[in-house]
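Residues per chain are reported as follows:
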Amino acid sequence: MKEKLEKIRLEALGQLEAADADIEQIKIKYLGKKGELTAVLRGMGALSAEERPIVGQLANEVRAAIEAAIAEKAKEAQAKALEQKLKAEKLDVTMPGTPAPVGHIHPLTQVQRELEDIFIGMGFSIVEGPEVELDYYNFQALNIPENHPARDTQDTFYIGENVLLRSQTSPVQVRTMEHQKPPIRIISPGRVYRSDALDATHSPLVHQQEGLDVDKGSTMGDLKGTLEIFAKKLFGESTRIRFRPHHFPFTEPSAEVDVSCFVCGGKGCRLCKGEGWIEILGAGMVHPFVLSNCGIDPEEYSGFAFGLGIERITMTKYGIDDIRLFYENDERFLEQF
Ligand code: PHE
C-alpha cells in the first residue's frame, strides 16, 4: 500500500509539472470521490492495527503534497493569465491622442485685437456702446441734422422713427463725452450697419474702430503723430501717411488718411492700383458744435477723432479681394489665418 501511495505521489506531482497540466482533471483523478488516493484510503480497513496509522499518515502527506502542488500550479496559472491579459490590453498613455479639431480667432477679430493693442499702448482705453442707437447719438449730436445729405451715405436700418442700427461707432464718442471730463482718450470698436446690398466690397454689417482724444491743446499734429505710429506698427516701420482734405460733418478740418503701399513702398503696384497709397481712415478735429453738444467747452478743449473699417484694414493687410469671405465661414478661407 505504501508503494501504491508513493506511486500516486510521484505520478500526480509529475503530471502537475507539465506546462499544460489540466489542474481540474488531476484533482478529480487523485483526490476526487472516485480518485486514486481515495480508493487507497478506502482499502485501509484491511490493514493491521499497527500499519493503519503509518499508512494513514503517509496518505495524509501525499494528499497534502498533491494539494500544495495543485495550489502552486493554480497560482502560477493565474499569474500567467494576468500577465497575458495585461500584455493584450496594454495602453500607452504617452502615445499622441487623436486631435480634436479646434477653431481659432476669426481674422477680423485678430486684426481688431491688434489695433486695440496698438492704441492701448498709446494710452487709449476701449469703450463699447449700443448697436441699437438713438437717432440723436448716431446723427444729430454729430452735426448731422434731419435732411442732411450725409444721411444718404450712411443710410441704415430703422427700428422706430428715432431708433436705428448705428451706422458708425461715433455715437460712442458722444456718449463718452457726455459722462466723462477731459482728458479723454478712447477707442470704440464694434459692429455698424448700412443699408448696402452685399457684394465684393459692400456689406450691410461691417466693423469699425474709432478713436477720440479730447484735451487742452489737442492738435492736428497730435492726430498725425498718433496715426503715424499706428500705421508703422500695423504695416511696418517704413510706412508713411498722408492727409487729403475731406469733409465729415462732425470734424473740422477733416481729412482722409492714406498709408504708403506696404507692398511696393509707394512705387505703384496691383494692391494700391498704381497709386502708391492706400486709403485707410477718416479723421479730423472734433467739430466745436459736437463738443458743446456734449457739454465740453470748445474754447477750453479741443480734440481729434479718427475712424477706420476693420474689414478694409484686414483686406488690405492680407490682400483679400472679397468682403463676403469674412462672413461665409468657409474653413478653406479661415484656416489661412
Ligand atoms: N464715422 C466716420 C465714418 O464712419 C469715420 C470718422 C470718424 C471720420 C471720426 C472722422 C472722424 O465714415
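For the structure, check the block above.
Residues numbered from 1 in each chain as written. Predicted model: local features only at pLDDT ≥ 70, side-chain atom pairs only at ≥ 80, totals over all residues. Heavy atoms only, no water.

Novice: For the site of the ligand, give the residues involved together with the corresponding values.
Specialist: Contacts to the ligand come from 14 residues, most closely from Gln168, Ser170, Arg194, Gln208 and Glu210. One of the side-chain nitrogen or oxygen atoms of glutamine 168 is found 2.8 Å away from a nitrogen atom of the ligand. Serine 170 has a polar side-chain atom sitting 3.1 Å from a nitrogen atom of the ligand. When the ligand sits alone it has 330 Å² of accessible area, and the protein chains cover 92% of it. The set of elements that each furnish at least two residues to the shell around the ligand consists of strand S5 (205-215), strand S8 (277-286) and strand S9 (302-309). Each residue belonging to the shell around the ligand can be placed in one class, and the counts come to five nonpolar, seven polar and two charged. (Near = heavy atom within 4 Å. Polar contact = N/O pair within 3.5 Å; in protein donor to acceptor, adjacent residues only side chain to side chain. Areas by Shrake-Rupley, 256 points an atom, 1.4 Å probe, with all protein chains shown as cover. Helix = DSSP H or I, 4+ residues; strand = E, 2+ residues; numbered from the N terminus. Nonpolar A, V, L, I, M, F, W, Y, C, P; charged D, E, K, R; others polar.)

Novice: Just give me the short version of empty space enclosed by the protein, but keep the residues and values in it.
Specialist: Scanning the model with the defined rule gives one cavity of 30 Å³ or more in all. Estimates place the volume of the largest cavity at around 40 Å³. Taken together, Leu142, Gln173, Met177, Phe250, Thr251, Val286, Val290 and Ala305 make up the lining of the largest cavity. For the lining of the largest cavity, the per-class residue count stands at six nonpolar, two polar and no charged. (1 Å grid on protein atoms, 1.4 Å probe; cavity = no way out; pocket = protein on both sides within 12 Å on 5 of 7 lines; lining within 4 Å. Points joined across faces, edges and corners; volume = space filled by probe spheres on them.)

Novice: Residue-level account of the pattern of salt bridges, with values.
Specialist: Per the stated rule, a full pass over the model turns up 15 salt bridges. Close ionic contact of glutamate 279 with arginine 312 constitutes a salt bridge, the shortest N to O distance being 4.0 Å. Linking glutamate 279 in strand S8 with arginine 312 in helix H11 (residues 310-318), this pair joins segments that are 33 residues apart in sequence. A relative accessible area of 28% places glutamate 279 in the partly exposed class. The class of arginine 312 is partly exposed, set by a relative accessible area of 42%. Overlapping salt bridges bring together Arg242, Arg244, Glu256 and Asp258 as one network. (Salt bridge = Lys/Arg side-chain N within 4 Å of Asp/Glu carboxyl O. Buried < 20%, exposed > 50% of the residue type's maximum accessible area, 1.4 Å probe, protein only.)

Novice: Explain the side chain of glutamate 116 to me, using residue names and the numbers behind them.
Specialist: If you trace the backbone, glutamate 116 turns up in helix H5 (residues 107-121). One buried charged residue, glutamate 116, forms no salt bridge at all, with the nearest opposite charge on arginine 113 at 5.6 Å. Setting aside anything within four residues of it in sequence, one finds glutamate 116 in contact with Ile126, Ile187, Pro189 and Gln209. (Lys, Arg positive; Asp, Glu negative; His and termini not counted. Contact = heavy atoms within 4.5 Å.)

Novice: Let's hear about the nonpolar core: which residues, and what values?
Specialist: Core analysis: the largest hydrophobic core is formed by 39 residues, its most contacted members being Leu227, Phe230, Ile280, Phe306 and Ile313. When neighbours within four sequence positions are excluded, leucine 227 is seen to be in contact with Ile241, Phe243, Val257, Leu281, Ala283 and Phe306. If you look at the next biggest cluster of nonpolar residues, it comprises 21 residues, including Tyr137, Ile144, Val174 and Leu291. (Core = buried A, V, L, I, M, F, W, Y, C linked by side-chain atoms within 4.5 Å.)

Novice: So, the side chain of threonine 316: which residues are in play, and what are the values?
Specialist: Within the secondary structure, threonine 316 sits in helix H11. Among the residues examined, threonine 316 registers a relative accessible area of 10% and is labelled buried. A distance of 2.7 Å separates a polar atom in the side chain of threonine 316 from the backbone oxygen of arginine 312. Leave out the neighbours within four places in its chain, and threonine 316 touches Phe235, Phe262, Leu271 and Ile278.

Novice: Before we move on, can you summarise the pairing of S5 with the specific residues and values?
Specialist: Among the eleven residues that make up S5, eight are buried, leaving the element largely enclosed by the rest of the structure. Bridging between strand S4 (residues 184-193) and S5 involves ten bridges; their strand directions are antiparallel. Bridge pairing in S5 places isoleucine 184 opposite valine 214. Pairing analysis gives eight bridges linking S5 to S9, with the strands arranged antiparallel. Note on S9: the bridge partner recorded for valine 214 is glycine 303. (Pairing = 2+ DSSP bridges.)

Novice: Any chance you could break down helix H2 (residues 23-31) for me, citing the residues and the numbers?
Specialist: Since there are 3.6 residues in each turn of an α-helix, residues three or four apart along the chain are aligned in direction. Looking at H2, one finds that the buried residues are Ile23, Ile26, Tyr30 and Leu31. For H2, the angular spread of the buried residues around the axis is 85°, confining them to a single face. In the core, the buried residues of H2 are packed alongside helix H1 (2-17), helix H3 (36-42) and helix H4 (51-88). (Arc of directions from axis to C-beta.)

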